[in-house]
Amino acid sequence: DAGVTQSPTHLIKTRGQQVTLRCSPKSGHDTVSWYQQALGQGPQFIFQYYEEEERQRGNFPDRFSGHQFPNYSSELNVNALLLGDSALYLCASSSPGLGGHEQYFGPGTRLTVT
Amino acid sequence: RKEVEQDPGPFNVPEGATVAFNCTYSNSASQSFFWYRQDCRKEPKLLMSVYSSGNEDGRFTAQLNRASQYISLLIRDSKLSDSATYLCVVNIPNSGYALNFGKGTSLLVTP
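Anyway, here's the lowdown on the structure attached to this text. (Residues numbered from 1 in each chain as written. Chains lettered and ligands numbered in written order. Predicted model: local features only at pLDDT ≥ 70, side-chain atom pairs only at ≥ 80, totals over all residues. Heavy atoms only, no water.)

## A look at the interface of chain B and chain A
Note the following rule: Working rule for contacts: check all heavy atoms of both residues, and any pair within 4.5 Å makes them a contact. Each reported salt bridge corresponds to a side-chain nitrogen of Lys or Arg within 4 Å of a carboxyl oxygen of Asp or Glu. Polar contacts, as used here, are pairs of N or O atoms within 3.5 Å; protein pairs need one atom able to donate a hydrogen and one able to accept it. Residues neighboring in sequence count only if both atoms are side-chain atoms. Helix and strand assignments follow DSSP, with helices taken as H or I runs no shorter than four residues and strands as E runs no shorter than two, numbered in order from the N terminus. Note on residue classes: Ala, Val, Leu, Ile, Met, Phe, Trp, Tyr, Cys and Pro are nonpolar, Asp, Glu, Lys and Arg are charged, and everything else, Gly too, is polar.
Facing the 23 residues of chain B at the interface are 22 residues of chain A. Put simply, chain B and chain A have 0 salt bridges between them. Put simply, chain B and chain A have 6 residue pairs in polar contact (both at pLDDT 80 or more) between them. Elements with a minimum of two residues in the side of chain B that touches chain A: strand S4 (33–38), strand S5 (44–50), strand S9 (84–91) and strand S10 (99–101) of chain B. Of the residues that constitute the side of chain B that touches chain A, the class distribution is 11 nonpolar, 8 polar and 4 charged.

If you want it as structure tokens, here you go:
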């Protein structure tokens, strides 16, 4: 049973560039949430996708956008990168029918903005 | 005030010790509570859900006090492999399944 997978594992970008991160949920899960974890902090909720729509959004600017595909996989896009966007980006999957609040995380993408 | 606050740590304890972590949350409408464990440079992993009646999983016991908006985690007979950061997690009310994480408490178990 494949868990949550994310790609790439590491990424280095320059300030002002754009980045796309990818996530495939755990088998049987249909809800994908994205979190940003800065060094020494807990993960911060960015947004959540269900049925290919953004259902909830945390306190992040519009530079952060996403998408969910029919196979439940998801992308996180960040435009006009800032140095402060350097963080570990975590994808978590869950399913309303399987105890939706119990979320399972992928290994993350470590983004460095220089 | 942060939505989820935890003991700052770090906690350094000898093998075999009992250690307790505390956490408070600010939104009384929250309904789901968890402890996650995060190893260095790895993803958080669900350790256990926390129920109103309290629950135990082997050496781990979690307690919830809704009146005080307080959550605790007790680890008995600490093992070296328990060394990690422990994250207190609370659902964001009316937000689907979004979660609020505490900053985490670091535990180091020494021989």
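Having seen the structure, we can now continue with the description.
## Things to note about the sheet that holds strand S1 (residues 5–7) of chain A
Residues and elements named next belong to chain A. The condition that has to hold: Strands are treated as partners if at least two bridges between them are detected by DSSP. Structural elements are reduced to axes, namely lines fitted to C-alpha atoms, with helices fitted over the stretch in contact, and the angle between N-to-C directions of any two is expressed from 0 to 180 degrees.
Spatially, the 4 strands line up as an open sheet ordered S1-S3-S8-S7, and their pairing is antiparallel. A single partner strand is all that each edge strand has here, and the edge strands are S1 and strand S7 (64–68). Each neighbouring strand pair of the sheet contributes to a mean axis angle of 20 degrees, computed without reference to strand direction. Of the pairings in the sheet, the one linking strand S3 (residues 19–24) to strand S8 (residues 74–78) comprises 5 bridges and is antiparallel in character. Each bridged residue has a counterpart across the sheet, and for Val 19 the counterpart in S8 is Val 78.

## Regarding unusual backbone geometry
Negative phi values dominate among residues other than glycine, just as trans dominates among peptide bonds. Operational definition: The cut-offs for exposure are 20% and 50% of the maximum accessible area for each residue type, with area from a 1.4 Å probe on protein chains only; residues under the lower value are buried, those over the upper are exposed, and the others partly exposed.
Cis geometry marks the peptide bond from A:Ser7 to A:Pro8; its omega dihedral reads -10 degrees. Its place among the elements puts A:Pro8 in the loop between S1 and strand S2 (10–13). The backbone of A:Glu51 shows a phi angle near 50 degrees, a positive value even though the residue is not glycine. Positionally, A:Glu51 belongs in the loop between strand S5 (44–50) and strand S6 (53–57). We note that B:Asp77 has phi near 50 degrees; this positive angle belongs to a residue other than glycine. The residue B:Asp77 is located in the loop between strand S8 (70–75) and S9 in this model. The exposure class of B:Asp77 is partly exposed, given its relative accessible area of 35%.

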